[in-house]
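Close look at the chain arrangement
Given next are the chains, with one letter for each unit.
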Amino acid sequence: MQSIDALVVGAGFAGIYQLYKLQEIGLSVKLIDKASDVGGTWYWNRYPGANSDSLSEVYRYSWDKEDLLTYPWPKHYVSQKEILDYLKHVVKRHDLRKYMQFSTELESASFDSDSSLWTARFSSGETIQSRYLITALGTYSKINYPAIPGIEKFAGEKYHTGNWPENYDFKGKRVGVIGSGSTGVQITIAIADEVKQLVSFQRTPQYVVPNGDGPVSAEFRDNINKNYDEIWNGVRNSWAAHNVKESTVPAMSVSAEERERVFESLWEQGNGFRFMFSAFSDILTSEEANEEACKFIRKKISQIVEDPVKARKLSPDGYYARRPITAPDYYETFNKKHVDIVDLRETPITEITEQGIRTNEKLHELDVIIFATGFEVADGNYTTLTINGRQQSLKEHWAERTTSYLGVSEAGFPNMFLVVGPLSPFNNFPPTIEAQVEFISGLILKAESKRKEDASDKLVLVEATQQAENDYVEACRVLGTKNLFRKEKSYVFGANVEGKTPQILFWVGGLVHYRKALQDVVDNDYRGFTLSY
Ligand code: NA7
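Residues numbered from 1 in each chain as written. Predicted model: local features only at pLDDT ≥ 70, side-chain atom pairs only at ≥ 80, totals over all residues. Heavy atoms only, no water.

**Side note on the sheet that holds strand E8 (residues 174-178)**
Reading across the sheet, the five strands line up as E7-E16-E8-E9-E12 and stay open at both edges, with parallel pairing between neighbours. The two strands at the open ends of the sheet, each matched to only one other strand, are strand E7 (157-160) and strand E12 (339-343). Averaged over all pairs of adjacent strands, the angle between strand axes in this sheet comes to 20°, irrespective of strand direction. The pairing of E8 with strand E9 (residues 197-202) spans five bridges and is parallel. Following the sheet pairing, Gly-176 is matched in E9 by Val-199. Packed onto the sheet, helix H5 (residues 182-191) meets E8, E9 and strand E16 (368-371) and runs at close to 165° relative to E8. (Pairing = 2+ DSSP bridges. Helix = DSSP H or I, 4+ residues; strand = E, 2+ residues; numbered from the N terminus. Axes fitted to C-alpha atoms, helices over the stretch in contact; angles between N-to-C directions. Contact = heavy atoms within 4.5 Å.)

Take a look at the structure:
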């Protein structure tokens, strides 16, 4: 059996950086991924139109300054392909591929209290022993297939956006898209001109703000480069971590005309995070302020969508309090005669038949059904694995509720760390990942130093205390009661998956406060963790 210091699982943004840090510390490391190459979420989500909706300048690592200043990004948002190219470039630049093994799925990992080692078993039949286990499994990786009766009877093509095939051809076909989250919106726009007929099956209408994408001029890029330190500093010390200025002005403190002017200018500029966070300080906390943003977007929908029936169906009546969606020309797409919208609240799906999707109104005959139905977010990717800690499995540990300490550790699972595990910040991912990887690496370095100082031949065990985990879970619960996310059924609470007990799955207190919490733990000798032999 192979024996190494640290095993990293997952080759996305999180796993790659964690691998880099651990080999820098001098540990022997291996990274495995079930995919055939790097990319993580972006490896699997290669559906038409897939692209990041975080601004290009901050949808990347900040830790390699030279690369940050020189690697090109042609537009304000990077496409899925560009993200894969970027990650492959980082791996090559830092010579990390030699540590990586692909097409290898982790099936189980068990901690042995006698040897203080983790034993991981893979789909390939291989087994590895390691002192540290770091799971970087991704937040959006366990796909959510809705339990619609008859789904298996459909005679046409069926795809989930989170597991997209290499080859497909929708030309001249009748396509149905179920789901209108960020993914459903992107794919609807991308395939509209290619297909013969497109029907969007929408359960909850969404507030979709233009993204203002376009080519990046040399002057724009120079300006970013000149200010990159300041930009990252701003991102790390902001709520949403998106390089958008976060307003400190409450919506109702200004006149109705001023509100309109602010919303209009942000709509013109584009970017959903800018619209949510730069307009006013209280869009996510004040019902009155939130409704002002909703009214503005509803008005836009009614102005853009020519058919009043389609406009009504597309118009949300809930709070603007889900993960903001941003894409160009979404509502405009429904002005095309061959693009239609079905409001599943009025006419629910009753079954999928051989020919298509039947609602309680009619059968929609289709050649292709695309499931843009999202993911069992945050903890779902752990449910297919067996992870055994000191005394119990992770499933048992999470029997009542999904837990973590700081999103990176579980009480009773020594020397196991999670990057963007459950209850991690609900923010732009790269800066969140960097904060966590640097924290985990600091903790591992401390354990390694202790072992050297004590000249011990035993292994140091780093472990969150149950009390620290309980307190952190409670802090996340309380944060979840303080903004309007709680008013909407969404994946933030796991409410998108049938049969799942809703609970907060993220830290919704902003990256700035999360980073302060991490720093506070570090400054207090890693409060909440024990280091023992
Ligand atoms: P999301 O945001 O979870 O969206 C999933 C969509 O699928 C959403 O519109 C759901 O409706 C819909 N859905 C889910 N189950 C069903 C069933 N059973 N019937 C009809 N419609 C259904 O996932 P995405 O992939 O779009 O985005 C995930 C993240 O990836 C995103 O936040 C970005 O960070 C990138 P609902 O709104 O729940 O009524």
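**Side note on the domain arrangement of the chain**
For the chain, the assigned domains read domain 1 (2-142 + 376-532) and domain 2 (157-371). For the pair domain 1 and domain 2, the two sides together bury roughly 4,500 Å², of which 55% comes from carbon and sulfur. Run the count over domain 1 and domain 2 and you get six salt bridges. Across the salt bridge formed by Arg-322 and Glu-488, the nearest N and O atoms sit 3.6 Å from each other. For the interface between domain 1 and domain 2, the tally reads 29 residue pairs in polar contact (both at pLDDT 80 or more). Going through the elements one at a time, helix H3 (65-70), helix H14 (429-453) and helix H16 (511-523) are the ones with two or more residues in the side of domain 1 that touches domain 2. The biggest single contributor to the side of domain 1 that touches domain 2 is H3, with four residues. (Domains from an automatic or database assignment. Buried area = accessible area lost by both parts, 1.4 Å probe. Salt bridge = Lys/Arg side-chain N within 4 Å of Asp/Glu carboxyl O. Polar contact = N/O pair within 3.5 Å; in protein donor to acceptor, adjacent residues only side chain to side chain.)

**Some remarks on the site of the ligand**
Around the ligand, the structure places 20 residues, and the nearest of them are Ser-180, Thr-183, Arg-203, Thr-204 and Tyr-491. Here Arg-323 contributes a side-chain N or O atom positioned 3.0 Å from an oxygen atom of the ligand. Here an oxygen atom of the ligand sits 2.4 Å away from a polar atom, N or O, in the side chain of Tyr-491. Look at the ligand: alone it shows 780 Å² of surface, and the protein chains cover 88% of it. Here the residues of the shell around the ligand are counted per class, giving seven nonpolar, nine polar and four charged. (Near = heavy atom within 4 Å. Areas by Shrake-Rupley, 256 points an atom, 1.4 Å probe, with all protein chains shown as cover. Nonpolar A, V, L, I, M, F, W, Y, C, P; charged D, E, K, R; others polar.)

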